[in-house]
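As a plain string of letters, each chain reads:
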Amino acid sequence: MSDEHFGQNPVLLLGQTLSFTANPFDVPFDDAVQYESAGAVLIRGGQIAAVGQAETLRALHPMARIVDYGKGLIMAGFVDAHVHYPQTAIIASWGKRLIDWLNSYTFPEEIRFSSKTYAADIAGRYLDLTKAHGTTTVASYGTIHPVSVDAFFEEAQKRNQRVVAGKTCMDRNAPEALMDTAQTAYDQSKQLLTTWHNVDRLSYAITPRFSPTSTPEQLEAMGALWAEHPDCLMQTHLSEQTDEIDWVMGMFSDARDYLDTYEAFGLLGERGLYGHAIHLTDREKARLKEVGAGLVHCPTSNTFIGSGLFDMAGLMAAGHNVGLATDTGGGSSFSMLRTMAAAYEVGQLRHTPLHASQLLWLATQGSARALHLDDRIGNLAAGMEADLVVLDLASTDAIAQRTSHAEDLWESLFPTIMMGDDRAIRAVWINGKAA
Ligand code: GUN
Ligand code: ZN
């Protein structure tokens, strides 16, 4: 059908293009991608209508408005599968381990989100910062306050962004001002879910923070809510630090392990997202694999808070469903490029370095798959929503001098993964529009 029939002229982006055709953890790296050095992406409405060679698509679509990015690399926008937008203003707070870090920095800041004005200010700031870093979708925790979730969804809605978020539920081991109850956590989460889930590009995740801050009654209420709304995601934290695990096991005397504190209350499932998942027992790994749950690797956070080294190679080889995330503000960066670099370094410390193709896959397809959104986002392919990033692969003198003699695609990409930041983000497209 000719373009005129669609009532709006399509846009044709020109540049290098990179799409995934397979999982680079399963097939040789070069077999996992489709790459065009003179490529094009046709965007019509909010969707990718075609990806191919520039010459071909230009001939087929002479009416299209051309946006030429030269040697810029066009690929799917980054998907950050675990963030706390309310921690934006306390990112890079010095020198604590998890529980002290929560009590010293995080909880005092989260108390401020009882104000919707403050929440909207930080939500807007967060979405602008992450967009500047090439991230087009995030899955975020709110705070205990329903207005923190309203504010985040409203800001995302203004930007036509696909995001996942939920009210963080806690009814123990937190400041009085940050606690709800089993009943209010259930009622408020249900109300938010009814208001926001599947509205525009927004979806709701049921969000018990982690076992130490929820009573068994609250975990049970969250499990009941999830059973009533099984199409929602459920996000929480799992086995981030060894002292945290000891604390959990002291609190739940009947539990076989940390995962069991969720499993026992109906909080283990395919649409469950388990942040960190570093110190897993064999039983936990087997159960997570069996149900196809999403594990989310947060490497800058894991080194910043001193949590440990996620076993990416082992978990991928065993067939786990793994995404990648910044974990802002336990993570030390808003950038998925910095996060990929950290994942590479964590892999090196485990003697299992990740390849550039695997890092880029994790930051797009891997995270989208963990969020069960891989049919819509996370790849440059016809039929997907048009959320894109255009990377400048020579964004600084240091990177440019390295890539100037690159001999293949991966050698030209890897310096930007390791050394790049927001200066490498030449453009971002959200829902088919330059953002
Ligand atoms: N575990 C429970 N809450 C948090 C949080 O806000 N950040 C991190 N990194 N771990 C957590
Ligand atoms: Zn987290």
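For the structure itself, look to the data block above.
Residues numbered from 1 in each chain as written. Chains lettered and ligands numbered in written order. Predicted model: local features only at pLDDT ≥ 70, side-chain atom pairs only at ≥ 80, totals over all residues. Heavy atoms only, no water.

A. Representation of the packing of helix 12 (residues 336-349) against helix 13 (residues 356-370). Two elements in contact, helix 12 and helix 13, have axes whose closest approach is 10 Å; the angle formed by their N-to-C orientations is 130°. The orientation of helix 12 relative to helix 13 falls into the category oblique. The hand of the helix 12/helix 13 crossing is right-handed. Along the contact surface, helix 12 presents Met 336, Met 340, Ala 343 and Tyr 344, while helix 13 presents Leu 359, Leu 360 and Ala 363. Split into classes, the residues belonging to the contact of helix 12 with helix 13 amount to seven nonpolar, no polar and no charged. (Axes fitted to C-alpha atoms, helices over the stretch in contact; angles between N-to-C directions. Helix = DSSP H or I, 4+ residues; strand = E, 2+ residues; numbered from the N terminus. Parallel < 35°, antiparallel > 145°, perpendicular 65-115°, else oblique. Left-handed = near helix turned anticlockwise from the far one by under 90°. Contact = heavy atoms within 4.5 Å. Nonpolar A, V, L, I, M, F, W, Y, C, P; charged D, E, K, R; others polar.)

B. Geometry of helix 3 (residues 116-132). Its 17 residues place the ends of helix 3 24 Å apart at the C-alpha level, agreeing with the 24 Å of an ideal helix rising 1.5 Å per residue. Where helix 3 is concerned, the buried positions are Tyr 118, Ala 119, Ile 122, Ala 123, Gly 124, Tyr 126, Leu 127 and Thr 130. Packed against the buried residues of helix 3 are strand 5 (78-84), helix 2 (98-111), strand 6 (135-141) and helix 4 (146-158). Two to three positions downstream of the cap, the backbone nitrogen of Thr 117 sits 3.3 Å from a side-chain oxygen, assigning the N-cap of helix 3 to Ser 115. Directly beyond the C-terminal end of helix 3, a positive phi value near 90° is found at Gly 134. (Expected span 1.5 Å × (residues − 1). Buried < 20%, exposed > 50% of the residue type's maximum accessible area, 1.4 Å probe, protein only. Polar contact = N/O pair within 3.5 Å; in protein donor to acceptor, adjacent residues only side chain to side chain.)

What is shown is where atoms sit, not what they do.
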